[in-house]
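Residue-level structure breakdown
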Amino acid sequence: MAEKKESFSNITLIAIEAALAAGEILRQGFGTHFAISSKEGVHNLVTEYDHLSEKAILKFLEQNVPGSHFLAEESGSTVGTGTKDSDWTWIVDPLDGTVNFAHQIPIFSVSIAAEKKGEIIAGVVFQPITHELFVAEKGRGAFLNGQKIHVSSVSSINQSILATGFPYNLAENPFHCIDHFVDILKLGIPIRRLGSAAIDLAYTAAGRVDGFFEVELGPWDCAAGKLLVEEAGGKVTKWDGQPFHVRSRGPIFASNGHIHSAASAILNRTV
């Protein structure tokens, strides 16, 4: 599973090591007894392993890149203790798929992205149970366990398979997401709901699914995955085809590029 270390920059290697260490914490905790609490929203859970993983990641990153800035799911926006500010901001989801983890469903991940001056330079998504390490570096491509990956070549929306996720306020039907979901189902298109947006994006990059859509994601959910898709040859936009920024918290659509226009037309239609 080891990456070819000489092919990546030092900042990417640091992200990889942090993700692997956090993944081991999650792997050891999976299926054990642990404390679970709720955040705002139905089924918006957090476990002690979210916190343990995040603490380990931030500590490792700060040790290796002193003065880093952090944007993490559990601790929010913080700055490291280094004597000099770093140009790097780390966008971290220590456990993407907490509900799965809490219910002993082995589909969850660690997501770490390195941002410099507003641009995502490196992204890592690690699945501890399957031991799958997805890595992307700006301008160098996307990789799975050391092998280069590419988005799928499916060109027809009718032949595609998509992934999605739902917001915690689904009952409010934001952006008419329920209606658009039904519209896609009526076309006979298979849709998978895995429970980890970082994995959905990684799978899009690897060509396992042809696209992924969701109404709202935190930057920690999509920063690494967005780079993975783009470096694998895919496309990531808002539902209306406009540029998507990881801090926007708006609707996101990622695809292999070939089906993008057709799917966007469905997602962006007026209900």
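These numbers were taken from a predicted model, which means no experiment stands behind them.

1. Observations regarding the overall build of the chain
What the chain contains, in helices and strands, is seven helices and 15 strands. In summary, the chain has a C-alpha radius of gyration of 18 Å against a globular reference of 18 Å for 271 residues, a match within 12%. Summarising its shape, the C-alpha atoms of the chain cover approximately 55 × 40 × 30 Å along the three principal directions. By the burial criterion, 54% of the 271 residues in the chain qualify as buried. Within the chain, contacts between residues at least 6 apart in sequence are counted, and of these 60% link residues at least 24 apart. When the accessible surface of the chain is totalled, it reaches about 11,800 Å², and 52% of it is carbon and sulfur. A distance of 5 Å separates the average location of the 22 positive side-chain charges in the chain from that of its 30 negative side-chain charges.

2. Observations regarding the pattern of salt bridges
Applying the stated criterion across every chain, the model contains seven salt bridges. Note that R27 and E24 form a salt bridge whose closest N and O atoms lie 2.7 Å from each other. Taken together, the positions of R27 and E24, both in helix α1 (residues 10-29) and three residues apart, correspond to about one turn of that helix.

3. Regarding the sheet that holds strand β3 (residues 69-72)
Hydrogen bonds between backbone atoms are what pair the strands of a sheet, whose relative direction is either parallel or antiparallel. On the basis of which strands lie adjacent, the open sheet formed by eight strands has the order β4-β3-β5-β6-β7-β8-β9-β10 and mixed pairing. At either end of the open sheet lies a strand with only one pairing partner, and these are β4 (76-79) and β10 (147-148). Bridge count for strand β6 (residues 109-116) against strand β7 (residues 119-127) is seven bridges, and the pairing is antiparallel. Each residue of the ladder has a partner; that of V110, found in β7, is F126.

4. Let's talk about helix α4 (residues 177-186)
Within the span of α4, buried status applies to C177, H180, D183 and I184. Summarising the axial view, the buried residues of α4 lie within an arc of 120°, below the 170-degree limit, and thus occupy one face. On its buried side, α4 packs onto β11 (162-164), β12 (191-192), β13 (211-214) and α7 (260-267). Looking one or two residues past α4, G188 carries a phi angle of roughly 80°, positive in sign.

5. Observations regarding unusual backbone geometry
Phi is positive for K117, close to 50°, though the residue is something other than glycine. Looking at where K117 falls in the secondary structure, it is placed in the loop between β6 and β7. Residue K117 is classed as exposed on the basis of its relative accessible area of 76%.

6. Focus: the packing of aromatic side chains
Enumeration according to the criterion identifies ten aromatic pairs in this entry. Judged by centre distance (5.3 Å) and plane angle (90°), the rings of F8 and F143 are edge-to-face. One end of the pair, F8, is in the segment before α1; the other, F143, is in strand β9 (residues 141-144), and 135 residues separate them in sequence. In terms of burial, F8 and F143 fall into one category: buried. Judged by centre distance (5.9 Å) and plane angle (50°), the rings of F30 and F101 are tilted. Taken together, the positions of F30 in the loop between α1 and β1 (36-38) and F101 in helix α3 (residues 98-102) put the pair 71 residues apart, joining distant regions of the chain. We note R208 situated over the ring of Y203; from NZ or CZ to the ring centre the distance is 4.8 Å.

7. Section: the packing of α1 against helix α2 (residues 48-64)
Packed helices, taken two at a time, are described by the angle their axes make and the gap between the axes. For the pair α1 and α2, the least separation of the axes is 9 Å and the interaxial angle reads 155°. Considered as vectors, α1 and α2 are oriented roughly antiparallel to each other. The element α1 and its partner α2 pack so that their crossing is right-handed. Contacts between α1 and α2 involve I14, E17, A18, A22, I25, L26 and G29 from the first element and Y49, L52, S53, A56, I57, F60, L61 and N64 from the second. Looking at the contact of α1 with α2, its residues break down into eleven nonpolar, three polar and one charged.

8. As for the state of the cysteines
Summed over the entire model, instances satisfying the criterion amount to zero disulfides. Note on C222: no disulfide assigned, nearest cysteine sulfur contributed by C177 at a separation of 17 Å. Under the relative-accessibility criterion, C222 is labelled buried at 0%.

9. Things to note about the confidence of the model for the chain
The pLDDT averaged across the chain works out to 91; a share of 93% of its residues lies at or above 70. Note that residues 1-6 has pLDDT below 50 and, in this model, 16 contacts with residues that lie over four places away or in other chains.

Conventions used here
- Residues numbered from 1 in each chain as written.
- Predicted model: local features only at pLDDT ≥ 70, side-chain atom pairs only at ≥ 80, totals over all residues.
- Heavy atoms only, no water.
- Helix = DSSP H or I, 4+ residues; strand = E, 2+ residues; numbered from the N terminus.
- Rg over C-alpha atoms; globule rule 2.2 N^0.38 Å.
- Buried < 20%, exposed > 50% of the residue type's maximum accessible area, 1.4 Å probe, protein only.
- Contact = heavy atoms within 4.5 Å.
- Areas by Shrake-Rupley, 256 points an atom, 1.4 Å probe, with all protein chains shown as cover.
- Lys, Arg positive; Asp, Glu negative; His and termini not counted.
- Charge placed at Lys NZ, Arg CZ, Asp CG, Glu CD.
- Salt bridge = Lys/Arg side-chain N within 4 Å of Asp/Glu carboxyl O.
- Pairing = 2+ DSSP bridges.
- Arc of directions from axis to C-beta.
- Phe/Tyr/Trp six-rings, centres within 6.5 Å; stacked < 30°, edge-to-face > 60°.
- Lys NZ or Arg CZ within 6 Å of the ring centre and 35° of its normal.
- Axes fitted to C-alpha atoms, helices over the stretch in contact; angles between N-to-C directions.
- Parallel < 35°, antiparallel > 145°, perpendicular 65-115°, else oblique.
- Left-handed = near helix turned anticlockwise from the far one by under 90°.
- Nonpolar A, V, L, I, M, F, W, Y, C, P; charged D, E, K, R; others polar.
- Disulfide = S-S within 2.5 Å.
- pLDDT = per-residue confidence, 0-100.

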